[in-house]
Amino acid sequence: MKDVEITREPIELHKLLKFEGLATSGGAAKALIAEGRVLLNGVVETQKRKKLVSGDCIEMGETKLKLRLIETPNQP
């Protein structure tokens, strides 16, 4: 399982798939989600704009990601 560090939350599911290279574009990410190919915390997720927070686990095929919020110096 790969840890994905995020500096703010929430992040939308389709954006995460695109940023992590699991989809070539936002549209492709939305299609993967609509097809039921993405699991969020072990359950099929079909909401393209589902808000993700630290601790959420995303699975797509053999790829498993876990979100982790990191503090940045400019964050309040």
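What you see is a predicted model, and the numbers here were worked out from it, not measured in a lab.

**Q** Describe the overall build of the chain, naming the residues involved and giving the relevant values.
**A** Across its full length, the chain carries two helices and seven strands. Computed over its C-alpha atoms, the radius of gyration of the chain comes to 12 Å, within 12% of the 11 Å expected for a compact globule of 76 residues. With respect to the principal axes defined by its C-alpha atoms, the chain has extents near 40 × 20 × 20 Å. For the chain, the proportion of its 76 residues judged to be buried stands at 32%. In the chain, the proportion of contacts linking residues at least 24 apart, taken out of those at least 6 apart, comes to 50%.

**Q** Quick one: what's the story with unusual backbone geometry, residue by residue and with numbers?
**A** Residue P10 is reached from E9 by a cis peptide bond, and omega for that bond is 0°. The residue P10 is located in the loop between β1 (2-6) and β2 (11-12) in this model.

**Q** Outline the nonpolar core, supporting the account with residue identities and numerical values.
**A** Grouped together as the largest cluster of nonpolar side chains are 18 residues, with contacts concentrated most on L13, L16, L17, V38, L52, I58 and L67. Every element with two or more residues in this core is listed here: β1, α1 (13-19), α2 (26-34), β6 (57-60) and β7 (63-69). Apart from the residues lying within four places of it in its own chain, the contact partners of L52 are E9, P10, I11, L13, L16, L40, I58 and L67.

**Q** Quick rundown of the sheet that holds β7? Include the residues and the values.
**A** Pairing within the open sheet is mixed, and its five strands lie in the order β1-β7-β6-β3-β4. At either margin of the open sheet sits one strand with a lone partner, and together these are β1 and β4 (43-44). Pairing analysis gives two bridges linking strand β3 (residues 39-40) to β6, with the strands arranged antiparallel. Looking at the pairing, L40 lines up with I58 of β6.

**Q** Hey, could you go over the environment of K64 for me, with residue numbers and the actual values?
**A** As for its position among the elements, K64 is in strand β7. Among the residues examined, K64 registers a relative accessible area of 39% and is labelled partly exposed. C-alpha separation for the pair K64 and M1, spaced 63 residues apart in sequence, amounts to 4.9 Å. The contacts of K64, once residues within four sequence positions are left out, are M1, K2, I58 and E59.

**Q** Break down the pairing of β7 for me, with residues and values.
**A** Pairing analysis gives five bridges linking β1 to β7, with the strands arranged parallel. Across the sheet, residue D3 finds its bridge partner in β7, namely K66. Summarising the sheet, β6 and β7 pair through four bridges and their orientation is antiparallel. Considered in β7, the bridge of C57 is made with K66.

So, how was this worked out
Residues numbered from 1 in each chain as written. Predicted model: local features only at pLDDT ≥ 70, side-chain atom pairs only at ≥ 80, totals over all residues. Heavy atoms only, no water. Helix = DSSP H or I, 4+ residues; strand = E, 2+ residues; numbered from the N terminus. Rg over C-alpha atoms; globule rule 2.2 N^0.38 Å. Buried < 20%, exposed > 50% of the residue type's maximum accessible area, 1.4 Å probe, protein only. Contact = heavy atoms within 4.5 Å. Core = buried A, V, L, I, M, F, W, Y, C linked by side-chain atoms within 4.5 Å. Pairing = 2+ DSSP bridges.

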